[in-house]
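# A structural walkthrough
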Amino acid sequence: MKKYPARKTLGVACLFAALVFVSFAGAASPGGTASPAAPSAHDDVGARRAFTAAYGVFLHPRCMNCHPSGDRPLQGDDSHPHAQNVQRGPLGDGKYGMKCGACHQKENIPGPHRPPGAIVWRLPPPKMPMIFQGKSPHELCEQLKDPARNGGRTLQQIIEHVSTDKLVGWGWDPGEGRTLPPLSREEFARGIKQWVEKGAACPE
Amino acid sequence: MLTLVVNGKRSSIDVDPDMPLLWVLREHLGLTGTKYGCGMAQCGACTVHLDGEAVRSCVTPVSRAAGKNVTTIEGLSADLSHPLQRAWTEIDVPQCGYCQSGQLMAAAVLLRENPHPSDADIDDGMAGNICRCGTYPRIRRAIHRAAALMAEGKSR
Amino acid sequence: MSATPAVSRREFLKTSGAGAGSLVLALHFSTLAPSEAALAAPASEFVPNAFVKIAADGAITVIIGKSEMGQGIYTSLPMILAEELDADWTRVRCEFAPVDPAYNHTVFGIQMTGGSTSVWSSFEQLRKAGAVARAMLVQAAADGWGVSAAACRTEKSFVIHDATGRRAAYGELAAKAAAGKPPAQVSLKDPRDFRLIGKSVHRLDTPAKCNGTATYSIDVNRPGMLVAVVARPPVFGGKAKSFDATAAKSIRGVKDVVEIPRGIAVLADGYWTACRGRDALKIDWDEGPLAGYSTEKQRAEFAAMAKTAGAVARKEGDVTAALSSASKILEAEYELPYLAHATMEPMNCVAEVRAESCEVWTGSQLQTLDRISAAQAAGLKPEQVQLHTTFLGGGFGRRAVPDCHMVVEAVQVSKAARAPVKLIWTREDDMRGGYYRPSFFHSLAGGLDEAGNVIAWKQTVVGQSIMAGTPFEPMMVRNGVDGTSVEGAADTPYLIPNLYVDLHSPKLPVPVLWWRSVGHSQTAFVVESFFDELAHAAGKDPYELRRTLLAKAPRHLRVLELAAEKAGWGSPLPAGRGRGIAVHESFESFVAYVAEVSVTPQGELTIHRMVCAVDCGPVVNPDTIEAQIEGAVIFGLTAALRGEITLANGRVVQSNFHDYPMLRIYECPQQIEVHIVPSTEKQGGVGEPGVPCAAPAVANAIFAATGKRIRRLPIRAQDLRSA
């Protein structure tokens, strides 16, 4: 949390957002008659709903393990710190003789507990750590919209990234013995696209 | 046919491109200083350099090494003149010795990138290598000593 | 002193030569007889006995019958010989001996390395070997100069006649000395005159272990050699009902598939292909009696057994009466898991069976039995088998296996395939292959009187016998008690008037074996932890209570006090830190550790400092002792913090270092200090005695820091978390 000096403001914003959300939810729920907005129309409720559904993917170990809050990648479905004291390193690809590529190849190695691999295998660099671990839906959502914290991406580029990036795609081809995120990649990409198209409002 | 350059020597080898580099080194090129310990990148006994970067040869398909420079313990220096080998022998690091080729190859990358490593840097660079005999305190001492030897060598 | 005394190790060693009967080759009381190989030496070489060769160029080769697995005997044994030889140490080399009665263990009567015995059991033998060689060189020089041998002295591979200022190098004298006769008597140096022994000397094996040239058996290559891996039953005690090798044989590079009693072997032109071939085997297994077995089931069985009376291992006074009269009774159960040796070099062996002979290359700790077993498997006589000992990529007991399965498998496969074979166990094979340190369950009751004196100690031990079913059983299992199951408990030096230790040795198909420090690896944890519990219950300082009850154990006391002093026992510690102490004798050496630890509320343990005091008697190479103790601390802590082999559905759960982890460099104690007691007492071992105290010292420190008592290993984070 110390990385966010504007914590107090954020907290107030959160509270405000939560109130808004509750009132909307309250309005929409009776009879469930609220009709879905047109795909390109501005729709905060729809955007929040789309993001909330996608959030589970970001926080799934296949995605979160390489977006840790600390400087060590995580491992396994329990997201324990990577064995061997692996570090993010100055460029996000590890340190010294412990760079990601020392063990991780361009594809998964067959067999359980073997190092997984993809065409690129790395963490975000320390200057742009893109932390998922420990982020609330609101915090993660705001981070994704902020080019200063999302790798300098526009929202269109975010859609592009989650839809086509090969390392992101690994999350759905993680090799033997690893669980899959709660949504398929298509569902996930569609959800992000909807979120953007509906105006990219953030939950809470 | 794959072409490998190992310790500066070029060889052409007819093997399955998926075969781990470790077994090509050991069984085809007779370079047995690189050890098999786990086969899954857990122990580091098989560490070699690929274009200067440490890799676990037990999980590295030989195809990845094609056309690159591979350095094994035999290529670190056969005459024990590398500062790390000098420090290792001065401090008598090895016990059973089986893991030490990998330890030395990992330490070589650490020292190249950080000529004055702290204890924490050593932890960061060396935690991928298991030593069952527990020579870690001496590995730590020897890396510090090698750093000093390198510094002396430069100031001379 | 006790009803059925546990056999002490040295006693065992003394008698086992006879006890092992037919397995033991002729005992060589004339330990200085040359070996067959030595007799075949070139004439220019001086080979006075089986242990040393001196070449014309002055090179001195010491031949050792012991195996180097990291413990340093490749250096310390030559030092012993070189001392009496007055050799120029820079010219001394070491060589592993062939299998020959000349190299039989002076106490065991077979060629083997184990029990932390190498230095003390070879000490006199190698000193004599060096002294005889020296005397013959002196005689050769004296004869040449026409002076009296008594007027000559030796120094750094020279014979010197001070009166005439003449000097002759050992190399120059070699041929002449070779023609001489060994003296009937030699005198040995006064230890005060030692120049090498007792001083730290660089290891002779270090250079080869720093440039990749040290040869382990996994590195051996033979012309036409195939590599084999074996598919073994997934459950101990199972066997193959049938198998289909069609798919395996269709893989390019797979050369043959052969069945041996322990499994199905796939032979290929290399390791990776052999593994792929094995993956392609279709095997129908009969899982045998252990199918469905689990660690939970075993725990329940052991716990039930601990409530019943076992075979009596020690009985002093009347423990029942003492417990009923005690003003305070403490009861506890302690548990320890199976442990794998997990040597860095997985099990492997190279065998080349020919019509009339067989060669075997292996990192053996048990050459005599390995050779006999290889001969049986090959259908040859032991003399037809040449067994080459290589460096061992770790031993810890795993390479001294009474059933010699590692060698037998390789010989059987080589014989069946009619080719030289390197049989490699994958790490998974090795981890799941058994021969574990047995799991143990201890049930304890301790009694204190009103003054807080320990008046009663009752301990029931449950765990498989490592000796049962081996050639060592007749010697080591007496009145139902395997001495190695209770060593360190039944022979406790604490002065407790009413003491009772009994043992259950359930029989299970899980293969078990000695594991670095053997029974002490589990008893020291239990005894030293429960002793700590009693001290705290009595409101006494655990160090002071140990001192009191070790009043008649001076060597225990000495290391205990030294460790406490160096650790600053009793001095204030930063908040959150705790100190724990443990003392234990094993392999006739005495060790005490003080651990200093802290624990976070999340249960993360940091070991800040381990202070170690050791008395192993007169020291040969102090730096080696320091290294062994440092390593043993880490080995012991790896077991205490990580080590656990469990069974589920009859199968071993763990398979490799991801689920049977070793401590890594960043997880080790921040500081390990070793203090060696200068000692002229009887020599003890060094390889193993450093292990037993590590776990209890840390567990006792955890109690001091957190109030949490660890009674089950390995120590888990959930055991340490603040409630």
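Because the structure is predicted, anything quoted here is derived from the model rather than measured.

### Some words on the interface of chain A and chain C
If you look at the interface, chain A gives five residues, while chain C gives four residues. Here chain A and chain C share an interface that buries about 430 Å² over both sides, 50% of which is from carbon and sulfur atoms. Of all residues in chain A, Gln84, Asn85 and His113 of chain A give up the largest surface area on contact with chain C, accounting jointly for 70% of the area buried on that side. Along the contact surface separating chain A from chain C lie one salt bridge. Arg114 of chain A is the partner of Glu428 of chain C in a salt bridge, and the nearest nitrogen-oxygen pair spans 3.0 Å. The class makeup of the residues in the side of chain A that touches chain C is no nonpolar, three polar and two charged.

### Looking at the sheet that holds strand 6 (residues 158–161) of chain C
All names here are of chain C. Here three strands make up an open sheet; going across it, the order is 5-6-7 and the pairing antiparallel. Because the sheet does not close on itself, it has two edges, and the strands there are strand 5 (153–155) and strand 7 (166–169). Averaged over all adjacent pairs, the angle separating strand axes in this sheet is 25 degrees, with direction ignored. In this structure, strand 5 lies alongside strand 6, joined through three bridges in antiparallel fashion. Note on strand 6: the bridge partner recorded for Thr154 is Val159. Of the strands in this sheet, strand 5, strand 6 and strand 7 are in contact with helix 4 (residues 118–145), which crosses strand 6 at around 45 degrees. Docked against the sheet, helix 5 (residues 170–179) engages strand 5, strand 6 and strand 7, running at close to 75 degrees with respect to strand 7.

### Topic: the pairing of strand 1 (residues 2–6) of chain B
All names here are of chain B. Across the five residues that make up strand 1, a large majority, four, are buried. Judged from the five bridges that link them, strand 1 and strand 2 (residues 9–13) form a sheet pairing that is antiparallel. Looking at the pairing, Leu4 lines up with Ser11 of strand 2. Here strand 1 folds back onto strand 2 in antiparallel fashion, the turn holding two residues, of which Asn7 has a positive phi close to 50 degrees. Pairing of strand 1 with strand 5 (residues 69–71), which is carried by two bridges, proceeds in the parallel orientation. Each residue of the ladder has a partner; that of Val5, found in strand 5, is Asn69.

### Let's talk about the interface of chain C and chain B
Counting residues at the interface gives 59 residues for chain C, matched by 53 residues for chain B. Interface of chain C and chain B: buried area, both sides summed, is about 4500 Å²; carbon and sulfur atoms make up 57% of it. Among the residues chain C hides against chain B, the three largest losses belong to Trp272, Met344 and Ile665 of chain C. Together they make up 19% of the total. Counting the contacts that link chain C with chain B gives six salt bridges. Our count for the chain C to chain B interface comes out at 32 residue pairs in polar contact (both at pLDDT 80 or more). Of all the secondary-structure elements, those providing two or more residues to the side of chain C that touches chain B are helix 7 (271–279), helix 12 (427–432) and helix 18 (622–641) of chain C. Among the elements that make up the side of chain C that touches chain B, the one with the highest residue count is helix 18 of chain C (nine residues).

### A closer look at the sheet that holds strand 24 (residues 577–586) of chain C
Adjacent strands of a sheet form backbone hydrogen bonds with each other and so pair up, either parallel or antiparallel. All names here are of chain C. Sheet architecture is open: four strands sit in the order 24-25-26-29, paired in mixed fashion. A strand with exactly one partner marks an edge of an open sheet, and here the two such strands are strand 24 and strand 29 (672–676). Across the sheet, the mean angle separating the axes of adjacent strands is 15 degrees when strand polarity is ignored. Sheet topology note: the strand 26 (residues 605–615)/strand 29 ladder contains five bridges and is parallel. Bridge assignment links Val611 to a residue of strand 29, and that residue is Glu673.

Rules and cut-offs
Residues numbered from 1 in each chain as written. Chains lettered and ligands numbered in written order. Predicted model: local features only at pLDDT ≥ 70, side-chain atom pairs only at ≥ 80, totals over all residues. Heavy atoms only, no water. Contact = heavy atoms within 4.5 Å. Buried area = accessible area lost by both parts, 1.4 Å probe. Salt bridge = Lys/Arg side-chain N within 4 Å of Asp/Glu carboxyl O. Nonpolar A, V, L, I, M, F, W, Y, C, P; charged D, E, K, R; others polar. Pairing = 2+ DSSP bridges. Helix = DSSP H or I, 4+ residues; strand = E, 2+ residues; numbered from the N terminus. Axes fitted to C-alpha atoms, helices over the stretch in contact; angles between N-to-C directions. Buried < 20%, exposed > 50% of the residue type's maximum accessible area, 1.4 Å probe, protein only. Polar contact = N/O pair within 3.5 Å; in protein donor to acceptor, adjacent residues only side chain to side chain.

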